[in-house]
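Inside the fold
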Amino acid sequence: MSEILLKNCRVYTMDESVPYAEQILLKNGKIAQLGTRDDNLASNNSVQEMDLGGQTVLPGLNDSHLHLLSYGMALSTVDLSDVSSFRELIAKVQNYIDNNNIPKHEWVIGQGFDEENLQEKDFPTREILDQISQCHPVIVKRKCTHVSGVNSYALDLAGITAEDNEKIEGGKVYLDQDGKPNGVLAENAQNLLSHILPSYSEKDLEKYIKLAGEAFIDKGLTSVQSDDLKAIPGGEDMIMNAYLSLAEKGELPVKVNLQLQLSSEEEITTFIQKYSPYFQSSVTDYLNFGPLKVLLDGSLGGKTAALRQPYLGDQENFGIVTYTPESLDSLLDCAARHHLQIACHGIGDYAIELFLDSIDKIQAKFGGDYRHRIIHCQLTDLDLINRIARQNISVDAQPDFVGSDYGLLEERLGFARSINTYAWKTMLDKGINVSGSSDCPVEPFDPRLGIKAAVTRQDANNNPCGGWHPWEKVSVFEALKMYTVNSAYATFEEQVKGKLAPGYCADMVVLEEDPYSTPPQELDSLSVNKVFINGKIVK
Ligand SMILES: [Zn+2]
């Protein structure tokens, strides 16, 4: 029986009944006992003692929505998150091609541009991307991944034409003045490329998953809830096999709850038939499945989030919604028949309302404690928030979005509507379970950045002064709760994770500093000195 006694530490347990301790005894990967400095916790002499020298111990952090595999894959693409003009974008991708000797005709993939940060304030079209290369297919994805730009080579290779606009639902091929595709593809129009994008092997995927998982641990994440099935179009089985194989070999670095993005009733039924044995008894506590992830609209940045009123200065544009009310009803009905929790990507107020309407119907029909979720939940108002609270729906928030988006929110929505965005404090005060996440690779996965942003409502450079819509700032305790207790509640794991209490998994982070006595603007530089998963030191 392996026992470890952590002594001389400040333990913030996140457990209401015993909020603070100074010693923890770990036994067989679980928390066995907590005590203060005077208690004698060790039950035998073979216990391994560890003096933490006054450091802080918290439950392991849990990101409730990100894309682990996409992040792992992005490590082998060109990072465009820091480019500030088309010229820089072109130069960066060209350098990548030159430095890596990418052979002609092979794909070049860039990821993470944000047109708001570009001088030109526009999406890169084929005209721009042709300047990178005319002999490589080139795709650059917006940081939200809802909009991409491709060069002429890629457009021709995929055979994309203006007529495709009539065939695709919930997507758009942008056209130039001559009515020809200009290279910008939004939402489902991006699927027109799926048959020509590069292919990966299962071994590649295992490598990417491990790379990403190890990076996550380094910053204090012990659990992540990851939406990966659509990381490679048509690659669901290979992705599942990669995860299952790593779990069976005991090689998943971090605990993963896989969010299952399945977009039709047929996909749901086929998937459940194939994988339900793994749902019932998980291979290890490192891999669990659910909820169903439904993608209902796009992003505010890409002007594809579905709104009740049009975008400011663009009276025809209400965004894109990927399901009709009827098709959403039948999709959710199918999910409910399979007893699936549902997590809906909903950013615009129209999408959120549509989801709530649909949830009302399945709740009335099936009942049960499903803790359905809205991922992002950006543009709301008090009525919507009250409905979310009443329907016991959880919200997966991305505090980092505040820093990235506050500039564009007024531009897209006008000031009055912008007041009702990212209203996490209001939601928490209404009793809504708001969990913390990054949507990585959309934002950096580092949970310290998210905790800081939730507390300060500022970007990495501490702008705007005083915080954006500062009445929505949360306390340090609330921010930590979002990344621990609340994330665990979202996956029905509040009895095993998110707190440090007897019987809970010994998933913990050890910080040099105490977050409660750290100035809010320095919360992103807390030092993660040690990380434990199931009582084992993994950092
Ligand atoms: Zn996402």
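This report concerns the structure included in the present document. (Residues numbered from 1 in each chain as written. Predicted model: local features only at pLDDT ≥ 70, side-chain atom pairs only at ≥ 80, totals over all residues. Heavy atoms only, no water.)

With six of its six residues buried, strand 8 (residues 61-66) lies for the most part within the structure. Two strands pair when backbone bridges link them, and strand 8 and strand 15 (residues 221-227) are joined in this way by four bridges, in the parallel orientation. Note that in strand 15 the partner of Leu61 across the bridge is Leu221. (Buried < 20%, exposed > 50% of the residue type's maximum accessible area, 1.4 Å probe, protein only. Helix = DSSP H or I, 4+ residues; strand = E, 2+ residues; numbered from the N terminus. Pairing = 2+ DSSP bridges.)

Time to look at helix 10 (residues 349-366). A rise of 1.5 Å per residue sets the reference length of helix 10, with its 18 residues, at 26 Å; its end C-alpha atoms lie 25 Å apart and thus fit the reference within 8%. Along helix 10, the residues classified as buried are Asp349, Ala351, Ile352, Leu354, Phe355, Leu356, Ser358, Ile359 and Ile362. Against helix 9 (325-337), strand 18 (342-346), strand 19 (373-376) and helix 11 (382-390) lie the buried residues of helix 10. Immediately beyond the C-terminal end of helix 10, within one or two residues, lies Gly367, with a positive phi of roughly 65°. (Expected span 1.5 Å × (residues − 1). Contact = heavy atoms within 4.5 Å.)

With that settled, the discussion passes to the sheet that holds strand 8. Reading across from one edge, 8-15-16-17-18-19-20-21 is the order of the eight strands in this open sheet, with parallel pairing throughout. Only two strands of the sheet have a single neighbouring strand rather than two, namely strand 8 and strand 21 (434-436). Between one strand and the next, the sheet's axes are offset by a mean angle of 25°, whatever the strand orientation. With three bridges joining them, strand 20 (residues 394-397) and strand 21 adopt parallel strand pairing. Counted as the bridge partner of Val395 is Val434 from strand 21. (Axes fitted to C-alpha atoms, helices over the stretch in contact; angles between N-to-C directions.)

Looking now at helix 12 (residues 400-413). Look at helix 12: 19 Å from first C-alpha to last across 14 residues, which is about the 20 Å you get at 1.5 Å a residue. At Tyr406, helix 12 is deflected by roughly 60°, the largest bend along its length. Among the residues of helix 12, Asp400, Phe401, Val402, Gly403, Asp405, Leu408, Leu409, Arg412 and Leu413 are the ones counted as buried. Considering only its buried residues, helix 12 is in contact with strand 11 (138-142), strand 19, helix 13 (415-418), helix 14 (424-429) and helix 15 (447-456). Of the residues flanking the end of helix 12, it is Gly414, one or two places downstream, whose phi is positive at about 85°. (Bend = angle between axes of the 7 residues up to and from the residue.)

All we've got here are geometric facts, nothing functional implied.
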